[in-house]
Structures are given as C-alpha cells and as structure tokens.
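Fold and geometry: a report
One letter stands for each residue in the lines below.
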There are 2 protein chains.
Amino acid sequence: MAEPVTVAVDANGADKGPAEVARGAALAAAGGTRVLLFGPADAMGDAGDGVEVVDAPVSIAKEPDPARAVRRTPDASVVRAVEAVAEGRADALVSGGSTGAALAAALFRFKRAPGVHRPALAIVVPVPKAPFLLLDAGANVEVRPEHLVQFAHMGAAFMEVVMGVDRPRVALLSNGDEPNKGPEVVVAAHEALRSQPGELNFVGNVEGFAIGTGAADVIVADGFAGNVALKVMEGTSSALLGAIRGAAMSSARAKLGGLLLRPALRGLRDEIDPEEAGGAVLLGLRRLGIVPHGSFGARGFARAIEVAARGVRLDVAGRTHDRLAAAGALRRTEVSETAASVPEEK
Amino acid sequence: MAEPVTVAVDANGADKGPAEVARGAALAAAGGTRVLLFGPADAMGDAGDGVEVVDAPVSIAKEPDPARAVRRTPDASVVRAVEAVAEGRADALVSGGSTGAALAAALFRFKRAPGVHRPALAIVVPVPKAPFLLLDAGANVEVRPEHLVQFAHMGAAFMEVVMGVDRPRVALLSNGDEPNKGPEVVVAAHEALRSQPGELNFVGNVEGFAIGTGAADVIVADGFAGNVALKVMEGTSSALLGAIRGAAMSSARAKLGGLLLRPALRGLRDEIDPEEAGGAVLLGLRRLGIVPHGSFGARGFARAIEVAARGVRLDVAGRTHDRLAAAGALRRTEVSETAASVPEEK
C-alpha cells in the first residue's frame, strides 16, 4: 500500500466545538488517515495516534465577509490548514467552519486544476434510495456553458471514483425535459453535452421533480439555481416533517400512532443522514476540499476526512482531467479569469 | 351589486376529463359567477344554470409545441376561450389543460397591462400555516431587474386584493440574505426594491430555506429559479411522503401506527391541498388567467373560476397599475419588446 494520506482539518467553527472535531479526527486516524488538526490546542487535548495538533486558536468562521477575513487573517485556523495543503504538508482539506471561509481560503491558495475554468461546490444529497450529487451548489452564481460542461465531468468523476457509482448518469437541471428548455446558458450546455465525445453518460435535462426519483446520479446547475434547489429541499423537508410531527402530537390517538411508527422512521432517518456523505465537496482545484456541515458530530467529521483521503488515494483530480481531456472540454488557454465568486454561508 | 362576472373556461386537457370541469363550472355558477364553457359538448352535457356550453371539441392540451399549436389551431378550445375574453364576451380565463397552451394563447391575444414589461406566472404554494405566492414560476426564464421589480408589485397586489393579505411582505429569492448576494440581476432588483417609494412592503432576500417558515407572503424570482424551486418542493414532498408511507408499511407495528396517525394527517393534507388556491395565476396582462393543475377535480376548477371572478371584481389589474405608478415602476415607453417566452408544461 502507498504512503498514508494526510488531511489538514480546521477544527474551528463547528457547532459542537473543536473537541468534537478532534474526536472525529481520532476516528479517521484509527482508520489509517493521518490528520493535521488546526484549532485551539487547549480545547482539543491529545487526539491520539495519527493526529498532529497544531495550535491555531484564531477563528474566522463567523466573519460576515469571509473573503476579506481570509486575506486579513493569515493566522486563522482555516487559512493555516489550507496553507498546509498548498505547501504539500497535507494532501486535502477538511473545514467544518463556514463554507464561505473555506472556499475563499481554498480559492486564494489552491490553484485551479489544470484545464478547469471554475471550481464548484458539490453536495451528495441523501434522498432515500436515490442519492445524487448536486453541483454547483453555490460557488458560481453566474456561469457560461463551458463551466456547466466541466461541472458535468467533475461531478461524474467524483461519483465514479469516490462514491463507486458505475457510469454515473449526468443530467442538467432545467425547467423542462426538452433540450430547448431553460436559459440560453443551459440550452447551450445541453447541446455541448449531447454532442460530447468521451465517457460521459449524459441523460439530458431533468426538472426539479427529479429530486427523489433516482433519475440521475449527478445533477448539474449554475450555483444560483443549485443553491436554491438545495435549500428548497432542506426547507421543504423540515416544513413537512415539522407538520407531521405536529399532527402526531395533536391527539392521544395520533401520539400513540407516532410512537408505534417511530422505529420504522428511524431507518429512514439514517438513510437521509447528511453526515454519511461527509459534507460539501470543493471540486476543480488542484487539491480536494470537503466542508462538513457545521452541525455535524464526530462521525460526520470522520466521514469527511475519509472521503477526502479516498479522493486523494483514488486520484479524483487526475481522473477528472482525463475525462475532460477525452471530451475535449479542457480550458484552451490559461488566460487569467475572474475568480469564482465566494459563496454564501451554509 | 355590479353585473355578474363571466369567466371563459377551457374544459379540454384536464386529467379527469371535460365532464369534471363542467361539474366545477356548475359549482362556481351556483356561487354567482357566469361561465362560458368551451369543450366537447357531447361529453359535458347540460351544466345547468349560469353555464353556457360552447361546443369546441378540438384540444391542443397535449401538443409538444404549444406556441405553434396555438397559432395553427384557431378552433382549439383554449384559443376560443381566450378569444371570448379578448373580445369582451368574458372577463377572465380559466384553462385546465396545459399551462403552456394557456400561456401561449393568452400572450398572443391578451395585451400586456398598461406599463407592464412582462406577464408572470404566479402560484400560491400551500405550505402548512405559511402559504405564499411564488412568481415567476416559469413564464420568463431570463429577466432584467425591472421585470423582477414589477413581479414584486404584481404579486403584492394579487395577495392583497384577491387573497386578502394585509400589507403582504415581499421577498426576493436569492442564495443569501445579504443585499449583495445573487446574480447581478437579483442584486440590482434588490437595490431597486429597497429604494422604492410607494406601498411595497419589501423584506429583503430570502433563501430556499424560507419555504415553510412564513418569512414572506410573496417570493419573487426569475422564471427559471422559480420553476426549479416550485418543482423541487413538489419532488421533495412526494419523495419524503413516499418514504414515510413505505416506512409505515414495513412492519405490523408500523402499519398500526400509520393507521392511528391517519386522521391527524388528513387535516394536514387538507391544509396543503393545492386545489384550494385554484391554480397558477397569469398576472400582468389586461385580462386575468388562472390555470388549475391538470389533476384538479371539480372543486379545484370551481375555486379557479371563483378566484378569477374575484380578481376581476376587485380589479386586481387596476390595483397593480396603481402600485406600479406610485412606485415609479411603470414601463417608460411603449416600445415593442421581445414577448415573454412560452413556459414548459406543468
């Protein structure tokens, strides 16, 4: 077996505190991944074998302008964790603070992967029996067709290499199934994807209804529509579950029903557990970054570290490049471009 | 009381057939609204007092290109219903066939309301305890800031006048709460709405999470993001309810729990019943149009007819114009513009 992978982890900003992140790091280390853990050393203690604690107490996880905070705070834990990856002391990043700060730091210090226009934020959406990868979930609110084309390949490579999905079906999110539906940028991307050589398994457009139907393994959108879709899913789920919970408390009979139903619903809850996927994935940079949700516990952080290590070991970046090259979708010239915008807080 | 309002109804295309639409028309007529009912006379019979049946058997509800079908099929029931409104024989349109055909026909034959840039499709989303109007739900996939500004006023006028909401809170859908979040067009619309005089109660941006929280009475989006949001809500709800139903069948204990819970959930089901709102509303034309969902039964069609009649009686078009004028948001010159694109099938 090759050398162990090292993951740089920012422990600041997680809702349950740095000690919970340290417990996650210890779990991942027990599985064979080395961890460089950046955060307040006094709050984390000794995380055990395989975890090297670096005292970095400064947090910018709650800053309103993450891009500015990253530039002005070189000793922030997330900036130091990103530095460690950029300088080769670690192979990938995990940050459980703010998505905005992690993204801003990674955009400033990691370079784009060769031939990639724009990095994208990708999320494995844990729909029962039909999980799928949604990207871009908010890194690029305005895109060009060639960006969407690259997102398609980046997402397919991740699902295939890291999640083990064979020939992942890739779809474009639009307001209709037909190739001519949607804004110009979506119509142009559809056309380009349809006529693409290489190994992409493009299945056409899907509508918002496709959530939960298992129609695609990867759903590609601009960062605005993708972000709206993701948050509408969360909003709708929590409104609906709240209403059902309310109904189940509305009478003695309903309460008993809810009680009897609970064990069966527990299985469902596990199936839609967002911790399992490890968090949002930053694709398209030279280094892989994973941003667990701030609410995650130790197991979620451990999963994030494992997913990052798996991506490094299986060379998701190299596989992405190969796909883009085979499809003729690499960026032609390395002219300087506007950097992707920094996305909102999760 | 003034003269009774007449609503032209297209009976073709509804999932349950023209006879079900005719029953809905009879219900509405019993409530005092006159109905001109276009569809196959032999399938509808005599719908009773207040309903005048016009034999119009030709249906274009299932045509793949509704705009083309509208132009080529002058004797289609939806085209004839729209004609009746355009010519003043009726005051508003209800079409239960395809949204695309109704919209295409209305765009061709109704004129835009004075000073309105673009008509929009608006949907009252029946979230438990927090219903809100979402627009545009698919009529305009690409918009300019001034279109979003007008949608805000059009939506507010509808909620106030027709749905009886006092000083409706209007929000812009974006990928973050902050005024600078979102694509340029959203940022510019936010700026314009914030500095708007007149009676608009603008509460800023909301994210997709806002679904179900009651944060706004009107949520404004371009037709692409709005359509995605609407369909993601539907997709998420049905995936989640399906999974819960599955869990409730997974064991004898769970089955009993589901059975006991059922009466309490029935109340919830009524609360989120889409028939109550009558369907999608076509705003911004000289005439009001309502498009019930194809799956609606007689009661849904009756509600659609009642909502249309209410909009006419309370002069939602005039109230919208007053708001736009007070806010300085009327279209400046009556130069010819690209017509709104025809939206997808529901």
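1. Focus on the sheet that holds strand β10 (residues 280-283) of chain B
All names here are of chain B.
- Here we have 11 strands laid out as an open sheet, ordered β3-β2-β1-β4-β11-β10-β5-β6-β9-β7-β8, and mixed in their pairing. The open sheet is flanked by β3 (51-55) and β8 (201-206), the only strands paired with a single partner. For this sheet, the mean angle separating the axes of adjacent strands, direction not counted, is 25°.
- As judged from the three bridges shared by β10 and strand β11 (residues 288-291), these two strands associate in the antiparallel manner. Each residue of the ladder has a partner; that of leucine 282, found in β11, is glycine 289.
- Contacts from helix α1 (residues 18-30) reach β1 (6-10), β2 (34-39) and β3 within the one sheet, and its direction differs from that of β2 by about 170°.

2. Looking at the interface of chain A and chain B
- With 52 residues of chain A in contact, the opposing surface of chain B contributes 53 residues.
- Surface buried jointly by chain A and chain B totals about 4,600 Å² across both partners, of which 76% is contributed by carbon and sulfur atoms.
- Across the chain A-chain B interface, the total number found is two salt bridges.
- In this structure, the salt-bridge partner of glutamate 207 of chain A is lysine 231 of chain B, at a minimum N-O distance of 2.3 Å.

3. A closer look at helix α10 (residues 298-313) of chain B
- The end-to-end C-alpha distance of α10 of chain B is 22 Å, a good match for the 22 Å that 16 residues give at a rise of 1.5 Å each.
- Note on α10 of chain B: the residue one or two positions beyond its end, aspartate 315 of chain B, has a positive phi of about 55°.

4. Description of the relation of the copies chain A and chain B
- Between the two copies, chain A and chain B, the superposition gives an RMSD of 0.0 Å; the rotation angle is 180° and the shift along the axis is 0.0 Å. Seen this way, the second copy is the image of the first under a two-fold rotation axis. For chain A, the residue whose C-alpha comes nearest the rotation axis is glycine 257 of chain A, separated from it by 1.8 Å.
- A symmetric contact is evident, with 100% of the interface residues of chain A recurring at the interface of chain B.

5. Section: the side chain of asparagine 205 of chain A
Residues and elements named next belong to chain A.
- Along the chain, asparagine 205 falls in strand β8 (residues 201-206).
- You can call asparagine 205 buried: its relative accessible area is 6%.
- One polar contact links the side chain of asparagine 205 to the main-chain carbonyl oxygen of glycine 176, over a distance of 3.3 Å.
- Separated by 2.8 Å, the side chains of asparagine 205 and histidine 190 make a polar contact.
- Setting aside residues up to four positions removed in sequence, asparagine 205 forms contacts with Leu172, Ser174, Gly176, Asp177, Glu178, Pro179, Lys181 and His190.

6. Describing the pairing of β8 of chain B
Residues and elements named next belong to chain B.
- Along β8, five of the six residues are buried, which leaves the element largely enclosed by surrounding structure.
- Where strand β7 (residues 169-173) lies against β8, five bridges are found, and the strand directions are parallel. Within the sheet, the bridge partner assigned to valine 170 lies in β8 and is phenylalanine 202.
- Note that the unit made of β7, helix α7 (residues 184-194) and β8 has a crossover that is right-handed.

7. Some details on the layout of surface pockets
- The volume enclosed by the second largest pocket comes to roughly 780 Å³.
- Lining the second largest pocket are 35 residues; nearest its centre among them are Val125, Pro126, Glu234, Ile272 and Pro274 of chain A.
- Of all elements in the fold, only β5 (120-125) and α8 (223-247) of chain A together with α8 (223-247) of chain B reach the threshold of two or more residues within the lining of the second largest pocket.
- Here the residues of the lining of the second largest pocket sort into 20 nonpolar, eight polar and seven charged.

Each value, and the rule that gives it
- Residues numbered from 1 in each chain as written.
- Chains lettered and ligands numbered in written order.
- Predicted model: local features only at pLDDT ≥ 70, side-chain atom pairs only at ≥ 80, totals over all residues.
- Heavy atoms only, no water.
- Pairing = 2+ DSSP bridges.
- Helix = DSSP H or I, 4+ residues; strand = E, 2+ residues; numbered from the N terminus.
- Axes fitted to C-alpha atoms, helices over the stretch in contact; angles between N-to-C directions.
- Contact = heavy atoms within 4.5 Å.
- Buried area = accessible area lost by both parts, 1.4 Å probe.
- Salt bridge = Lys/Arg side-chain N within 4 Å of Asp/Glu carboxyl O.
- Expected span 1.5 Å × (residues − 1).
- Least-squares fit on C-alpha atoms with pLDDT ≥ 70 in both.
- Buried < 20%, exposed > 50% of the residue type's maximum accessible area, 1.4 Å probe, protein only.
- Polar contact = N/O pair within 3.5 Å; in protein donor to acceptor, adjacent residues only side chain to side chain.
- Right-handed = clockwise from strand over helix to strand, strands pointing away.
- 1 Å grid on protein atoms, 1.4 Å probe; cavity = no way out; pocket = protein on both sides within 12 Å on 5 of 7 lines; lining within 4 Å.
- Points joined across faces, edges and corners; volume = space filled by probe spheres on them.
- Nonpolar A, V, L, I, M, F, W, Y, C, P; charged D, E, K, R; others polar.

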